[in-house]
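A structural walkthrough
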Amino acid sequence: MPSKKSREGLFRAADAQKLVRIERRPKHAGRLDGLVVQVGAKWALMARVVDGGYFDGFVAFRVKDVKRVTDDESVAATFAQTLSDWPPVCSDLLDLDSTVGVLNGLGHSGQLLGIQQERERDSLWIGILDEIIGRFVYFHGVRPDATWHPESLGYRLRSITAVEIGRRYFAALSVIAGEGPERDRD
């Protein structure tokens, strides 16, 4: 359960429309930098920025993992506000009350999405959402060399700590890998 202070920090960041830094509890979770766009009961959505303040997609992360929310006072925070696409906007309001809602909301477009799992070291699995069955999500994964896995891969919903979409790296993978593998649809 997130602390009351952490949850309030997320809402304050969303209202202020300023860049923040979020530290998370999972042992191997990296820091997230960006603009909090939306906060739900279990998940929050952030427009992520990379070095220099450039927008690099969206990341949904579990609210319960938030350890600390601090203002980003770097030059990136000031520079980001000068960009023509500031502030970044997510076109759809997402269901941030469940992992299934996050995956369906971000994965409905057919573009590449990435998932992180709590017990893995700085790992990101990237693919196209296939289906959600019971307690598992399945998607066709693409490898770092831009080749597709031949079958859908399944991941336990409760182990997912972050879901990403729209990153520049994903765009590069899409160009090289092409459309996902043909799937049998009965």
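Our subject is the structure that appears above.
Being a predicted model, the structure only gives us computed values, none of them experimental.

What counts and how
- Per chain, residues are indexed from 1 in the order of the written sequence.
- Two thresholds apply to this predicted model, a pLDDT of at least 70 for residue-level local features and 80 or more for giving and counting side-chain atom pairs, whereas whole-chain, interface and lining totals are computed over all residues.
- Neither water nor hydrogens contribute to the side-chain values; these are computed over all heavy atoms in the structure.
- The numbering of helices and of strands both runs from the N terminus, where a helix is a DSSP run of H or I of at least 4 residues and a strand a run of E of at least 2.
- Only protein chains enter the accessibility calculation, which uses a 1.4 Å probe; a residue whose area is less than 20% of its type maximum is buried, one above 50% is exposed, and one in between is partly exposed.
- Contacts: residue pairs with any heavy atoms within 4.5 Å of one another.
- A helix is expected to span 1.5 Å for every residue after the first.
- Here the arc refers to the directions that run from the helix axis out to each C-beta atom.

Along the polypeptide, Arg-48 turns up in strand E3 (residues 43-50). Accessibility expressed as a relative area gives 14% for Arg-48, which makes it buried. The contact partners of Arg-48, leaving out residues within four places of it in the chain, are Arg-31, Leu-32, Asp-33, Gly-34, Tyr-54, Phe-55, Asp-56, Gly-57, Phe-58, Val-59, Glu-164 and Arg-167.

Our next topic: unusual backbone geometry. For the peptide bond that leads from Trp-86 to Pro-87, omega is -10°, which places it in the cis range. Mapping Pro-87 onto the fold places it in the loop between helix H2 (75-80) and helix H3 (99-107). Residues other than glycine seldom take positive phi values, yet Gln-17 does so here, at roughly 55°. Relative to the assigned elements, Gln-17 resides in the loop between helix H1 (4-16) and strand E1 (20-24). One non-glycine residue, Ala-146, lies in positive phi territory at about 65°. Looking at the element boundaries, Ala-146 is found in the loop between strand E8 (136-142) and strand E9 (148-156).

The terminal C-alpha atoms of H1, which comprises 13 residues, lie 18 Å apart, in line with the 18 Å expected from a rise of 1.5 Å per residue. Along H1, the residues classified as buried are Ser-6, Gly-9, Leu-10, Ala-13 and Ala-14. Down the axis of H1, the buried set is contained in an arc of 130°. They therefore lie on one face. Relative to its buried face, H1 has exposed residues pointing more than 90 degrees away, namely Lys-4, Lys-5, Arg-12 and Asp-15. Of the surrounding secondary structure, the elements contacted by the buried residues of H1 are E1, strand E2 (32-39), E3, strand E4 (54-62) and strand E5 (66-71). Residue Gln-17 follows H1 closely and has a positive phi angle near 55°.

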